[in-house]
Amino acid sequence: MSSDSAAINVEKWRQWVNAGCVWTVPIAHNEFQDFLHGDGDLVLATQAPIPREWYMPLKGKQVVGLACGGGQQVPYLIAQGAIVTVCDICPEQLGIEQELAIREGYEVSCIECDISEGLPFDNEIFDLAINPVSVS
């Protein structure tokens, strides 16, 4: 993605954050509590639950969420016991993710980056990658 395209992408996400777009509103406290008790599902961009048999048990697994800020998928992954790193181009989306982690008392690593330019990690350090945007 060119720097012009990246800047446009960031600005659009900022507009969506300010407008309260569904993908910028973090889950509620009671939803996180449900996740902790084994209720609820991982939901990506289609808003359809992802069948649990499509991914391995997450306890102790290293998971990267690509373009995944905003507070919807990460809380589910954390509640399942995953160790999560979130990469997002929009600092506001990462801020939402960090605020949610503080509210709910968990740790998440947030990295601002343009995933179209490659990732700032060594190969094969994650057990699972999710990218909600690519499945819409």
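As a reminder, the structure under discussion sits directly above these lines.
Described in the following lines is the structure provided in the data block. (Residues numbered from 1 in each chain as written. Predicted model: local features only at pLDDT ≥ 70, side-chain atom pairs only at ≥ 80, totals over all residues. Heavy atoms only, no water.)

**Focus on the side chain of T24**
What counts is decided by this rule: Helix and strand definitions follow DSSP, with helices as H or I runs of at least four residues and strands as E runs of at least two, each counted in order from the N terminus. Here a polar contact is taken to be a pair of N or O atoms separated by no more than 3.5 Å, where protein atoms must pair a possible hydrogen donor with a possible acceptor and residues adjacent in sequence count only if both atoms sit in side chains. When checking whether two residues touch, look at their non-hydrogen atoms; a contact exists if any pair is within 4.5 Å.
Mapped onto the elements of the fold, T24 is located in the loop between α1 (3–19) and α2 (29–36). One polar contact links the side chain of T24 to the main-chain carbonyl oxygen of W16, over a distance of 3.5 Å. A polar atom in the side chain of T24 sits 2.7 Å from the backbone oxygen of C21. Excluding anything up to four places from it in sequence, T24 contacts W13, W16, V17, G70, Q72, Q93 and I96.

**Some words on the packing of aromatic side chains**
For clarity, the cut-off: Pairing of aromatic side chains here covers Phe, Tyr and the six-membered ring of Trp, requires ring centres within 6.5 Å, and sorts the geometry by plane angle: under 30 degrees stacked, over 60 edge-to-face, intermediate tilted. Each residue is placed in one exposure class: buried if its accessible area under a 1.4 Å probe, protein chains only, is under 20% of its type's maximum, exposed if it is over 50%, and partly exposed if it falls in between.
Counted by the stated rule, this structure contains four aromatic pairs. Centre to centre, the rings of F35 and Y76 are 5.3 Å apart; their planes meet at 85°, and the pair counts as edge-to-face. Here F35 is found in helix α2, whereas its partner Y76 is found in helix α3 (residues 73–79), with 41 residues between them in sequence. Overall, F35 belongs to the buried group, its relative accessible area being 8%. According to the relative accessible area criterion, Y76 is buried, its value standing at 1%.

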